Amino acid sequence: MDFDNEVQRRRTFAVIAHPDGGKTTLTEKLLLFGGAIHVAGAVKSNKIRRAATSDFMEIERQRGISVATSVMCFEYKGLQINILDTPGHEDFAEDTYRTLSAVDSAIVVIDAAKGVETQTRKLMDVCRMRNTPVMIFVNKMDRESKDPFDLLNELEKELKINTLPLTFPIGMGGTFKGVYSLYEHRLQLFDAHNKFRVSEDGIMFEDLNSSELEKHIGTLSQKLRDDVQLLQGVYPDFDAAAYHSGNLAPVFFGSALNNFGVKELLDTFCDIAPAPRPTLADVRVVHPFEEKMTGFVFKIHANMDPNHRDRLAFLKICSGKFERNKPYYHVRLAKTLKFSSVHTFLADKKSIVDEAYPGDIVGLHDTGNFKIGDVLSEGERLQFKGIPSFSPEQFRYIENADPLKAKQLAKGIDQLMDEGVAQLFTSTFNNRKIIGTVGALQFEVIEYRLEHEYGAKCRWEPIQLHKACWITGKDAAQLADFKQRKHTNIAHDKHGRDVYLSESSYALQMAQEKYGKIKFYFTDELE
Ligand code: G4P
């Protein structure tokens, strides 16, 4: 197959949801229908349950599982499908945001009884930032749920995107009979007693007025006819361009646990989801069909084995063909590297590949060369955009609890920051080191990993801060004045850039109002 066809047949996406929405269940069912696994239960949940937040072994175990399930690839209908897994726990939201930088589309899972929840809203904001095309799967229709019309309204309003139902439910909970596909005019019947069948093709129903409908869904027939008529009056035909530009979300209804509606979702996904899209870099836009290879690291995973401190860096290929053992240019380090162990992932297995194409994710064995956001190219110096660190909202001073292990502590902190676990700031006022995170769980993870992977001990001390934001200012005098007045709240990030550690939202707001020529950034991607 030629290069262009290889690129054209890649579909790289993530399944995202508020915890407990059904992300893990749906992912597993997609793998099941895609033929990548053969029994349900083969992919374990990688979520860290709230109850287990202080159980470090559990965290470690889960991290181990998530390396295998970070990327799941399979072939389906001639397409190469790459599903990127995202952590379930909201304290790892930043990991999820970065993973979203590596996908060409996303499937958002909604719990039909709960509707749009906080985490869904935040994840959708990130998709909107990048115009990522999204499809919505309204899950758990086998339970009592919200009215589907109300849900569609809620999705539009809360997720700030136009929606278009491509399937529509017939009944719900105890009376759930199935879904009707408005896209294919097909009736898919729900059989609560036969949930582990890999669904048949359904019944074609070009004309819902046929009396045949009664035979299948009885008294719900008229309601379906009325619903479909209403939907056809309200919603325009599917517009692929609107979906690809991130302005229209096709909606599906089903029940992942019952294997229901998943095949329709996967089949429609294969029909309409975008192939690899161009990626925005600082100097230009990179197109996937370009001959020269470019790619960026969006995730780094530490080895579980404390005796081997090597790591796995996940590289998203943006253009050209990636080849094993070929030298590539590491832009930040300005040096050439070759990779002999290049991994790809299939459900729970890792295997070595010789080549990979735009859209693919490869795992590169790393001995400390990579940081999140690093770029490999064939010599061009560029930096991809949209892989930022976000303003942390939780802060603690980190202190060395074992003076004999100062070196180990410094190295551990340095590497964990490169992995994107948290961010390190150094106060310009007292030189103390401050760790900033998005979630509280990270402090426990850092402490545990410093001890078990680096043999270092740390101690936390409280610091009351609201948010860290990066500051720049063209007016040097105003910037200097601000830094002088706020000198107890100014720090440097790992790259020596100025950061304002605001003590409250009020202080931040006042600073923004008073210092109009200073720019306050809430991600570290400073223009
Ligand atoms: P997450 O990854 O988004 O956090 O969600 P996950 O798939 O783990 O699903 C959360 C819970 O919802 C699980 O139940 C799962 O079995 C259930 N679930 C998923 N899809 C459906 C569905 O279509 N219908 C119904 N009724 N339930 C569904 P749990 O009891 O929390 O976990 P488990 O013990 O079943 O693993």
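Check the entry above for the structure.
### Quick look at the sheet that holds strand β10 (residues 203-204)
Read from one edge of the open sheet, four strands run β7-β8-β9-β10, paired in antiparallel fashion. Taken across any chain shown, the strands that pair with only one partner, and hence form the sheet edges, are β7 (167-170) and β10. Bridge analysis of β7 against strand β8 (residues 178-181) gives four bridges, and the strand direction is antiparallel. If you follow Pro169 over to β8, its bridge partner there is Val179. Helix α8 (residues 221-234) rests against β7, β8 and β9 (186-189) of the sheet, and its axis sits at about 155 degrees to β7.

### So, the site of the ligand
Contacts to the ligand come from 16 residues, most closely from Asp20, Lys23, Thr24, Thr25 and Ser255. Between the ligand and the protein, one listed contact pairs a nitrogen atom with a side-chain N or O atom of Arg143 at 3.1 Å. When isolated, the ligand has an accessible area of 710 Å², and the protein chains bury 72% of it. Looking at the shell around the ligand, the element that brings in the most residues is helix α2 (residues 23-33), giving three residues. In terms of residue class, the shell around the ligand is built from three nonpolar, seven polar and six charged.

### Structural notes on the nonpolar core
Ranked by size, the top nonpolar core spans 118 residues in total, and within it Leu26 and Phe322 carry the most contacts. What Leu26 contacts, discounting residues up to four positions off in sequence, is Val15, Ile107, Val109, Phe137, Ala256, Val262 and Leu265. Formed by 16 residues, the second largest nonpolar core is a distinct cluster that contains Leu409, Val421, Ile435 and Ala456.

### As for the packing of α2 against helix α10 (residues 262-272)
Two elements in contact, α2 and α10, have axes separated by 10 Å at closest approach and are oriented at 70 degrees. Relative to α10, the element α2 is oriented roughly perpendicular. Only Val262, Lys263, Leu265 and Leu266 of α10 make contact with α2, whose side of the interface consists of Leu26, Lys29, Leu30 and Phe33. Within the contact of α2 with α10, the residues separate by chemical class into six nonpolar, no polar and two charged.

### What to know about the packing of helix α11 (residues 406-418) against helix α12 (residues 441-454)
Contact geometry for α11 and α12: axes closest at 10 Å, N-to-C directions at 120 degrees. Relative to α12, α11 is oriented oblique. Every pair of crossing elements has a handedness; the one defined by α11 and α12 is right-handed. Residue-level inspection shows Gln408, Leu409, Lys411, Gly412, Ile413, Gln415, Leu416 and Met417 of α11 in contact with α12, the latter providing Ile446, Arg449, Leu450 and Tyr454.

Rules behind the numbers
Residues numbered from 1 in each chain as written. Predicted model: local features only at pLDDT ≥ 70, side-chain atom pairs only at ≥ 80, totals over all residues. Heavy atoms only, no water. Pairing = 2+ DSSP bridges. Helix = DSSP H or I, 4+ residues; strand = E, 2+ residues; numbered from the N terminus. Contact = heavy atoms within 4.5 Å. Axes fitted to C-alpha atoms, helices over the stretch in contact; angles between N-to-C directions. Near = heavy atom within 4 Å. Polar contact = N/O pair within 3.5 Å; in protein donor to acceptor, adjacent residues only side chain to side chain. Areas by Shrake-Rupley, 256 points an atom, 1.4 Å probe, with all protein chains shown as cover. Nonpolar A, V, L, I, M, F, W, Y, C, P; charged D, E, K, R; others polar. Core = buried A, V, L, I, M, F, W, Y, C linked by side-chain atoms within 4.5 Å. Buried < 20%, exposed > 50% of the residue type's maximum accessible area, 1.4 Å probe, protein only. Parallel < 35°, antiparallel > 145°, perpendicular 65-115°, else oblique. Left-handed = near helix turned anticlockwise from the far one by under 90°.

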